[in-house]
Amino acid sequence: RVPGAVGASLVPPGPTMAPADIAALVASLRASLTASVAPVADVTGLGEVASGPMLVIDRATWVSANADMAATMLAEGAGEPWPVAQRMRDTIEGRLNGAQLGGLLAVLSSRILGQYLPFLRTPTLVVVAPNVIKVERELTVSPADFRLWVCLHEQTHRAQFDAAPWLPTHLLELMRRMFADIEADIYILVDGDDTYHAQSSPQMIDTLLAEGLDMVVGRRKSTEVESYRLGHRLGNRMLTGFVAQLF
């Protein structure tokens, strides 16, 4: 509850629009969502297996949905219900952690055009209307083409998950195994894309211990264009900059 409530209260306002224009935008995006199903099925060869809700939402609703999904993933990954706080300190720490997550989601809420949410109780595809209109205005592109492109992109993710119904359960099982099978005081998480400097791990651990930190985040570097493209570099700089300013 805390992440969703805090995040929803912090989301930046979207573009100013008249009620009639908002209604037209929502109707257009709903039509694009429907129109995107068949092309994705044809091109991918996965068949028209995509199912579940397709919603046009605002930024605050996106924050709430992702807060719910994060809670579900953590609870499922741990394999047990959320523990009940026994001390006031535990309650305060839990609320502070929730507020931090809500703040991060609020920052991201203005950057997401659409998303497939496979770990909600009812998996849902969403398109964030104020972000779509903001970006299409900035790029001065055809609204109809841009909206359909956004929906095609997210529809592809939904088709992938629907074609592999075992995938969400498999991913959650990997999380359970990580929590259950590995016991350590410090965990190091990396991707296998050759963008990490493994030799820096001891220094990061020393920093974490010396300064009493909960987490240390390293900077990914690579000279290989294929493994770490320019768009990824710019995106990471934007995200880490926002988080640094927020916290």
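Residues numbered from 1 in each chain as written. Predicted model: local features only at pLDDT ≥ 70, side-chain atom pairs only at ≥ 80, totals over all residues. Heavy atoms only, no water.

Participant: Residue-level account of the side chain of Arg 158, with values.
Facilitator: With respect to the helices, strands and loops of the structure, Arg 158 is situated in helix α7 (residues 143–163). Here Arg 158 occupies a buried position and makes no salt bridge, while the nearest side chain of opposite charge, Asp 162, is found at 5.1 Å. Polar contacts involving the side chain of Arg 158 include one to the main-chain carbonyl oxygen of Gly 52, which spans 3.0 Å. (Helix = DSSP H or I, 4+ residues; strand = E, 2+ residues; numbered from the N terminus. Buried < 20%, exposed > 50% of the residue type's maximum accessible area, 1.4 Å probe, protein only. Lys, Arg positive; Asp, Glu negative; His and termini not counted. Salt bridge = Lys/Arg side-chain N within 4 Å of Asp/Glu carboxyl O. Polar contact = N/O pair within 3.5 Å; in protein donor to acceptor, adjacent residues only side chain to side chain.)

Participant: Could you give me a rundown of a nonpolar patch on the surface, with the residues and numbers involved?
Facilitator: A cluster of nonpolar residues, Met 178, Ile 182, Tyr 187 and Leu 189, forms a patch on the protein surface that exposes about 390 Å² of accessible area. With respect to the secondary-structure elements, Tyr 187 resides in the loop between α8 (167–181) and α9 (201–210). (Patch = residues over 30% accessible without salt bridge, like charges linked within 9 Å, V, L, I, M, F, W, Y side chains within 5 Å. Areas by Shrake-Rupley, 256 points an atom, 1.4 Å probe, with all protein chains shown as cover.)

Participant: Pulling in residues and values, what's your account of the pairing of strand β3 (residues 124–128)?
Facilitator: Here β3 lies mainly inside the structure; five of its five residues are buried. Of the two faces of β3, the one carrying Thr 124, Val 126 and Val 128 and the one carrying Leu 125 and Val 127 are both buried. The pairing of strand β1 (residues 54–57) with β3 spans four bridges and is parallel. Looking across to β3, one finds that Leu 55 is bridged to Val 126. Here four bridges tie strand β2 (residues 114–117) to β3, and the two strands are oriented antiparallel to one another. Note that in β3 the partner of Leu 117 across the bridge is Thr 124. Between β2 and β3, which pair antiparallel one after the other, the connecting turn spans six residues. (Pairing = 2+ DSSP bridges.)

Participant: Before we move on, can you summarise the sheet that holds β2 with the specific residues and values?
Facilitator: Across the sheet, three strands lie side by side as β1-β3-β2; this open sheet has mixed pairing. Each edge of the open sheet is held by one strand with a lone partner, namely β1 and β2. Adjacent strand axes in the sheet meet at a mean angle of 20°, parallel and antiparallel pairs treated alike. Contacting β1 and β3, helix α6 (residues 129–139) crosses the sheet at an angle of about 45° to β3. Sheet strands touched by α7: β1, β2 and β3. Its angle to β2, the strand with the most contacts, is close to 10°. (Axes fitted to C-alpha atoms, helices over the stretch in contact; angles between N-to-C directions. Contact = heavy atoms within 4.5 Å.)

Participant: So what's going on with the side chain of Ser 32? Which residues, and what values?
Facilitator: Its place among the elements puts Ser 32 in helix α2 (residues 19–35). Apart from the residues within four sequence positions on either side, Ser 32 is in contact with Arg 147, Leu 148 and Cys 151.

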